Amino acid sequence: MKNYLHLKRGVDLLHDPLLNKGTAFTAAEREQLGLRGLLSPRITTMHEQLDRVLESFRRKTSDLEKYIYLVSLQERNETLFYRVVTENLGEMMPIIYTPTVGLACQKWGHFFRRSRGLYISTEDRGQITRILGNWPHPDIRMIVVTDGERILGLGDLGANGMGIPLGKLSLYTACAGLHPAQCLPIMLDVGTDTESLLADPLYIGLPNHRLRGPAYDEFLEEFVTSVQMFFPKACLQFEDFGNANAFSLLQRYRDRICTFNDDIQGTAAVTLAGLASSLRLTGGRLADRKFLFLGAGEAGIGIGHLIVEALKSEGVAEETARRQCWFVDSKGLVVRGRTDLVEHKKPFAHEHRAVSTLLESVEALKPAALIGVSGTTGGFTQPVVEAMARLNPRPVIFALSNPTSKAECTAEQAYAWSAGRAIFASGSPFAPVTLGGTTHVPGQGNNAYIFPGVGLGVVASGSTRVTDEMFFVAAKTLAGLVTDADLALGRIYPDLARIREVSLAIAVAVAEVAYARGLAREARPESVAGLVQSYVYQPVYADYV
Ligand code: NAD
């Protein structure tokens, strides 16, 4: 960074968020870098700046205002932004990520102030390489890209979905320490089929319906090829694509480039980790359990496949392993006789009579765990949770749909309807619940525990691929970091305050897979942990003179 720094001075320096220190520039820096008079005279420490930021942040009366405040801080001074977010992750992650980022995406065009990230639209076809060249940072290692078709559980938000790549990459830096200058958020504006957005004059995207079919595939192919040419060391994370495209893009590119789909693979790892931890409360083995999903899309099917891998590693035959995972979609239980099943559901369509509701499916299959990934508010009704509690001493209830408004049930409902016996986790955070004198702390089953560490491991090792085995070891590593104290609180994930430690441990495990499988660009260093650590950005001010 130093060379780059010495090219900048005066207003240019103040306007570069990666270099700006605001009122913390020292007297010598102000003198030598042409800053005298451009800053208020009193020099403050970073700690004083942090106090000011926290005070302003906490004074905001709505989460959306807090989001806007943090984004504008990020635009001014990234070091201060990452410092405050890293030190207050429990308080700020729900603002920069789910659930508030969902609200922000819904209103994006209405509070829009300035463009962030890179937009590539269908009008840029044939010129994508040139557009990538407009990005100011050359050494990109992590790209999060969306086409906005399935933003959280909120549906097609078109170009407004840019909030998701921006938020995810903020977590790569805050949770794992990837350098912000190595991260690139991209929105592929291929239109939107949401009529209210098309009719909104303040919508920021192209007012066109979605590009589909071969033309869409060609656009994506040009994009992927251009990224490979322009940023050859970058890992490309697909995020919040509609499920038909998500599965086929993963299939098409996973063996060709360094890529993964977090909705399919990251969610799977965080869920598998939660299931493994819950066994420490219930006893028994994963191989003895049956899992019932509400929702058979990217998240659900991804989790199903990783559970199958986990069971195979316990010696269960693949077909038997699959039969332990059952899915309910909007048409009822996914069974072999159904003629309406899309390809990704078929591996989990087992022989069974038709069953139309979740409750009947619970009664028929007697699962140990119920996993909600349907984006349907209230999908876990009182009778469903009560049935789970009747069938299991400690029913596992994961309401993973985001944002909070889409959760299949709330933490309070899960605990109340199971007389406090549920082992509960949710995708977006819920506050602890006190019931009959006992306080239950819900776990946040969010892939934020997984993707930052996987990304850091892939980047540090220079892995040329992201494999399912990497997500499997990430899940194992995460589960291994859950303490007895966490479990005593009912929480099946580590405290969010430990997320950097978690991400670093996952990164080391993932990098080890890259070396073991011959995927790393460089030879294995003596200390993989040391290598990973060397990639970790610390949000502290550099001395400039
Ligand atoms: P998707 O669109 O691929 O799949 C949704 C699935 O739900 C589909 O199979 C659909 O048929 C089913 N469905 C819809 N309505 C239903 C109903 N009324 N009853 C039963 N099934 C119904 O979406 P996805 O990527 O799988 O995501 C689903 C949800 O999971 C979203 O809310 C998303 O935010 C959440 N999610 C959470 C995490 C996390 O980390 N916790 C990660 C990824 C996705």
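We now turn to the structure provided with this report. (Residues numbered from 1 in each chain as written. Predicted model: local features only at pLDDT ≥ 70, side-chain atom pairs only at ≥ 80, totals over all residues. Heavy atoms only, no water.)

1. A look at the site of the ligand
Item 1. Around the ligand, a shell composed of 27 residues is seen, among which Arg-150, Thr-267, Ala-296, Glu-298 and Ala-299 lie nearest.
Item 2. Gly-297 has a polar backbone atom sitting 3.2 Å from an oxygen atom of the ligand.
Item 3. Between the ligand and Leu-400 there is a distance of 3.2 Å, counted from a nitrogen atom to a backbone nitrogen or oxygen.
Item 4. In this structure the site holding the ligand corresponds to the largest pocket. (Near = heavy atom within 4 Å. Polar contact = N/O pair within 3.5 Å; in protein donor to acceptor, adjacent residues only side chain to side chain. 1 Å grid on protein atoms, 1.4 Å probe; cavity = no way out; pocket = protein on both sides within 12 Å on 5 of 7 lines; lining within 4 Å. Sits in = over half its atoms within 2 Å of the grid points.)

2. Some points on the nonpolar core
Within soluble globular proteins, side chains that are nonpolar generally end up buried alongside one another.
Item 1. Core analysis: the largest hydrophobic core is formed by 163 residues, its most contacted members being Ile-120, Ile-143, Ile-186, Phe-223 and Ile-450.
Item 2. In terms of residue count, helix α24 (residues 499–516) provides more of this core than any other element does, eleven residues in total.
Item 3. If sequence neighbours within four positions are ignored, Phe-223 has contacts with Ile-120, Ile-128, Val-145, Ile-186, Leu-188 and Leu-236. (Core = buried A, V, L, I, M, F, W, Y, C linked by side-chain atoms within 4.5 Å. Buried < 20%, exposed > 50% of the residue type's maximum accessible area, 1.4 Å probe, protein only. Helix = DSSP H or I, 4+ residues; strand = E, 2+ residues; numbered from the N terminus. Contact = heavy atoms within 4.5 Å.)

3. Overview of helix α15 (residues 262–282)
Item 1. Relative to the 30 Å expected for 21 residues at 1.5 Å per residue, α15 spans 28 Å between its end C-alpha atoms, a close match to the ideal helical length.
Item 2. Counting buried positions over the 21 residues of α15 gives 17, a clear majority of the element.
Item 3. The backbone nitrogen of Asp-263 lies 2.8 Å from a side-chain oxygen of the residue at the head of α15, namely Asn-261.
Item 4. Positive backbone phi, approximately 80°, marks Gly-283, located one or two places after α15. (Expected span 1.5 Å × (residues − 1).)

4. So, helix α22 (residues 468–480)
Since there are 3.6 residues in each turn of an α-helix, residues three or four apart along the chain are aligned in direction.
Item 1. An ideal rise of 1.5 Å per residue puts 18 Å on 13 residues; α22 measures up with 18 Å between its terminal C-alpha atoms.
Item 2. Those residues of α22 not exposed but buried are Met-470, Phe-471, Phe-472, Val-473, Ala-474, Ala-475, Thr-477, Leu-478 and Ala-479.

5. Some remarks on empty space enclosed by the protein
Item 1. Taken as a whole, this structure holds three cavities of 30 Å³ or more when the rule is applied.
Item 2. In this structure, the largest cavity encloses a volume near 170 Å³.
Item 3. If you go around the largest cavity, you meet 14 residues; those closest to its centre are Val-71, Glu-75, Phe-111, Arg-113 and Arg-114.
Item 4. Ranked by the residues each element gives to the lining of the largest cavity, the list is headed by helix α5 (residues 63–76), at five residues.
Item 5. In the lining of the largest cavity, the residues fall into eight nonpolar, two polar and four charged.
Item 6. Taken as a whole, the second largest cavity holds about 60 Å³ of empty space. (Points joined across faces, edges and corners; volume = space filled by probe spheres on them. Nonpolar A, V, L, I, M, F, W, Y, C, P; charged D, E, K, R; others polar.)

6. Regarding the layout of surface pockets
Item 1. The computed volume of the largest pocket comes to approximately 720 Å³.
Item 2. Along the walls of the largest pocket sit 34 residues, with Arg-150, Ala-299, Val-373, Ser-374 and Gly-375 positioned nearest its centre.
Item 3. Put simply, the parts of the chain that give the lining of the largest pocket at least two residues each are α15, α16 (298–313) and β7 (325–329).
Item 4. Residues belonging to the lining of the largest pocket are distributed by class as follows: nine nonpolar, 17 polar and eight charged.
Item 5. Size it by volume and the second largest pocket reaches roughly 590 Å³.
Item 6. Mapped onto the lining of the second largest pocket, the elements with two or more residues apiece are α5, α6 (78–87), α11 (163–176) and β3 (183–189).
Item 7. Top contributing element to the lining of the second largest pocket by residue count: α11, with four residues.

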